[in-house]
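Architecture at a glance
Residue strings, one per chain:
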Amino acid sequence: MKAIRIHEFGGVEVMKLEEIVRPVPAPDEILVKLFASGINPADWVIRNGGNDILRPLLKLPLTLGWDAAGIVEETGSEVQDFKVGDEVYGVPNFPGDGSYAEYCVGKANGFVLKPETISFNEAAAVPLASLTAWTGIFEFGKLQSGQRVLIHGATGGVGSFAVQFAKAKGAYVIGVASARNLDYLKQLGADEVIDYRTQKFEEMLHDIDVVFDAAPHRDNNERLRSVKVLKEGGILVSVNIDFPFNDDVLEALAEKKAKGEQVAVQVRNSWLQEIAQLIDEGKVKIFINKVFPLEQVAEAHLESESWHVRGKLVLEIRKEHDKA
Ligand SMILES: NC(=O)c1ccc[n+]([C@@H]2O[C@H](COP(=O)([O-])OP(=O)(O)OC[C@H]3O[C@@H](n4cnc5c(N)ncnc54)[C@H](OP(=O)(O)O)[C@@H]3O)[C@@H](O)[C@H]2O)c1
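Fair warning: this is a prediction, and the values are worked out from it, not measured in the lab.

Here's the deal with a negative patch on the surface
A surface patch of like charges, here negative, comprises Asp 247, Asp 248, Glu 251 and Glu 255. Locating Glu 255 in the fold gives a position in helix 8 (residues 247–255).

Considerations on the site of the ligand
Taken together, the neighbourhood of the ligand is formed by 26 residues, with Ser 178, Tyr 196, Val 239, Asn 240 and Val 263 sitting nearest. Backbone polar atom of Gly 157 to an oxygen atom of the ligand: 2.8 Å apart, as the coordinates give it. In this structure, Val 158 approaches the ligand through a main-chain N or O atom, which is 2.8 Å from an oxygen atom. Starting from 920 Å² of accessible surface for the ligand in isolation, the protein chains cover 88%. In the shell around the ligand, the residues fall into 14 nonpolar, ten polar and two charged.

Overview of the nonpolar core
Across soluble globular proteins, nonpolar side chains have a tendency to be buried as a group. Counting 85 residues, the largest nonpolar core has Tyr 89 and Phe 165 as the members making the most contacts within it. Residue contacts for Phe 165: discarding those within four places in its chain leaves Ser 130, Ala 133, Trp 134, Ile 137, Phe 138, Ile 275, Leu 278 and Val 284. Formed by 17 residues, the second largest nonpolar core is a distinct cluster that contains Phe 201, Leu 205, Leu 236 and Leu 253.

A few points about the sheet that holds strand 2 (residues 15–19)
Read from one edge of the open sheet, three strands run 2-1-4, paired in antiparallel fashion. Looking at which strands have only one partner, the edges of the open sheet turn out to be strand 2 and strand 4 (62–63). Here strand 1 (residues 2–6) pairs with strand 2 via five bridges, running antiparallel. Looking at the pairing, Ile 4 lines up with Leu 17 of strand 2.

Some remarks on the domain arrangement of the protein
When the domains of the protein are assigned, the result is domain 1 (2–126 + 286–323) and domain 2 (129–262). Averaged C-alpha coordinates put domain 1 and domain 2 at centres separated by 28 Å. Interface area for domain 1 against domain 2, summed over the two sides, is near 1300 Å², with a carbon-plus-sulfur share of 58%. Here domain 1 is connected to domain 2 by zero salt bridges.

So, the pattern of salt bridges
Counted according to the given criterion, the structure contains 19 salt bridges. For the salt bridge of Asp 97 with Arg 5, the shortest nitrogen-to-oxygen distance reads 3.1 Å. On the criterion of sequence distance, the pair formed by Asp 97 in the loop between strand 6 (87–90) and strand 7 (103–107) and Arg 5 in strand 1 is long-range, its members being 92 residues apart. Owing to a relative accessible area of 41%, Asp 97 belongs among the partly exposed residues under this scheme. Assessed through its relative accessible area of 10%, Arg 5 is described here as buried. In this structure, Lys 167 engages Asp 191 in a salt bridge whose closest nitrogen and oxygen atoms are separated by 3.0 Å. Taken as a pair, Lys 167 in helix 4 (residues 157–169) and Asp 191 in the loop between helix 5 (182–188) and strand 11 (192–195) lie far apart in primary sequence, 24 residues in all. On the basis of relative accessible area, Asp 191 is assigned to the partly exposed category, the value being 33%.

Considering the environment of Leu 143
In this fold, Leu 143 is placed in the loop between helix 3 (127–140) and strand 9 (148–152). Along the primary structure Leu 143 and Lys 169 are separated by 26 residues, whereas in three dimensions their C-alpha atoms are 8.2 Å apart.

With respect to the sheet that holds strand 9
Strand order across the open sheet formed by six strands is 11-10-9-12-13-14, with parallel pairing between neighbours. In this open sheet, the two edge strands, each paired with only one partner strand, are strand 11 and strand 14 (259–262). This sheet shows a mean twist of 15 degrees between the axes of neighbouring strands, independent of strand direction. Both strand 10 (residues 172–177) and strand 11 contribute to a ladder of four bridges, which runs parallel. Note on strand 11: the bridge partner recorded for Val 176 is Ile 194.

A closer look at the packing of aromatic side chains
Given two aromatic rings, their pairing is described by the distance between the two centres and the angle made by the two planes. Inspection of every chain in the model, using the stated rule, returns seven aromatic pairs. Arranged with centres 5.2 Å apart and planes meeting at 80 degrees, the rings of Trp 66 and Phe 94 form a pair that is edge-to-face. In this pair, Trp 66 sits in the loop between strand 4 and strand 5 (68–75) while Phe 94 sits in the loop between strand 6 and strand 7, placing the two residues 28 residues apart along the sequence. Their ring planes at 75 degrees and their centres at 5.1 Å tell us that Trp 134 and Phe 165 sit as a pair that is edge-to-face.

Reading the values: the criteria
- Each chain carries its own residue numbering, running from 1 in the written order of its sequence.
- Given that the model is predicted, a residue must reach a pLDDT of at least 70 before its local features are reported, and side-chain atom pairs must reach 80 or more before they are shown or counted; all residues, however, enter totals for whole chains, interfaces and linings.
- Hydrogens and water molecules were not included; the side-chain quantities draw on all heavy atoms of the structure.
- Each patch is built from residues lacking any salt bridge and having more than 30% relative accessible area; the joining distance is 9 Å for like charges and 5 Å for nonpolar side chains (Val, Leu, Ile, Met, Phe, Trp, Tyr).
- Working definition of accessibility: Shrake-Rupley area with a 1.4 Å probe, residue cover restricted to the visible protein chains.
- When a carboxyl oxygen of Asp or Glu is within 4 Å of a side-chain nitrogen of Lys or Arg, the pair counts as a salt bridge.
- The positive count covers Lys and Arg only, the negative count covers Asp and Glu only, and His and the chain ends enter neither.
- Where a charge lies is defined by one atom per residue type: Lys uses NZ, Arg uses CZ, Asp uses CG and Glu uses CD.
- Helix and strand assignments follow DSSP, with helices taken as H or I runs no shorter than four residues and strands as E runs no shorter than two, numbered in order from the N terminus.
- For each residue, the test is whether any non-hydrogen atom lies within 4 Å of the molecule or strand; if one does, the residue is near.
- Two N or O atoms form a polar contact when they lie within 3.5 Å of each other; inside protein one atom must be a possible hydrogen donor and the other a possible acceptor, and for residues adjacent in sequence the pair counts only when both atoms belong to side chains.
- Asp, Glu, Lys and Arg are counted as charged, while Ala, Val, Leu, Ile, Met, Phe, Trp, Tyr, Cys and Pro are counted as nonpolar; the rest, among them Gly, fall into the polar class.
- Side-chain atoms within 4.5 Å link the members of a nonpolar core, which is a set of buried Ala, Val, Leu, Ile, Met, Phe, Trp, Tyr and Cys residues.
- Note on classification: 1.4 Å probe, protein chains only; a residue is buried when its accessible area is under 20% of the maximum for its type, exposed when over 50%, partly exposed between these limits.
- Here a residue-residue contact requires only that any non-hydrogen atoms of the pair lie within 4.5 Å.
- Any two strands between which DSSP finds at least two bridges are classified as paired.
- Segmentation into domains, and thus their bounds, comes from an automatic or database assignment.
- Accessible area that two parts lose when put together, evaluated with a 1.4 Å probe and summed over both, is termed the buried area.
- Convention adopted: a line fitted to C-alpha atoms gives each axis, helices being fitted over their contacting stretch, and angles between N-to-C directions are expressed from 0 to 180 degrees.
- Classification of ring pairs uses Phe, Tyr and Trp, with its six-membered ring standing for Trp, and accepts pairs whose centres are within 6.5 Å; under 30 degrees between planes counts as stacked, over 60 as edge-to-face, and the remaining range as tilted.

What follows is the structure in structure tokens.
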């Protein structure tokens, strides 16, 4: 099968399109015939050698990509929940061999049936970014209906889901993005939008219940601005786990009796199922910025590395009409 592999860490040139042996599922895994793979910043962070958290987990050579949509080709001997031919989406074993390939294996409990109303390309854009948003705003942010949430990075992969999930939950959503994305942010359902380049959110807001920080900057001064707008007892959630809160942030949180959470994505099939339902009910839409063929993975990575993607980037591995 074809796969995009790396044998060394480095720039886009280390990614090679290779012919390799199809993986075999372990007893608790499924083999998925892939139609599409989502692209996430983690892909090129790993391509570059990872960060302090990921580096010890990486083994070369490696097939990149951890967002899969496709059809179950084979099931491991212990797998009960899927049968051959099921259309699924989910997360292959992270950070083992991934989904920039014609086939991948993954733990069966990292997959569910894909939403029925969307294409494989759209489905591949969902798992990691949406689960990161879900983990952050609900599991750690404890966001409730009627609460006010401020979302940084609100128009990126993670942020676009966070805005829509928070709205679906009945929260009041304030989204932060650059000027060119403010209309898109309203389209996502944000109640208020703030341009981070020309407006100072800390002078406009107060008593916010939850701040969900999914912006790419690793900057504790930015976090201090977020703590300023929290209500007493509020929660600051950051997804940038590779960049710890410093003492200033911890002190500012303590003064407010507020909580600070640094969050790694959790892959739970019950959440993937709820997300699929929200998508099929039309409450959450998938916004794909661009679809690339497998051969153009380098262009896709360079675009992701800009940190200014609106919605998601996807690698198309097979055409939808190849299902038959
Ligand atoms: N902990 C985890 O498990 C986990 C999982 C996934 C992602 N992450 C992290 O989550 C963050 C977002 O990931 P993503 O996939 O959503 O990235 P993404 O799709 O590239 O989105 C980045 C967004 O950030 C905004 N942005 C860029 N520069 C900014 C700035 N200076 N100030 C404020 N916003 C800015 C961009 O909006 P504009 O174009 O409008 O500037 C863009 O929409 C990354 O830091 C990533 O490493 C963590």
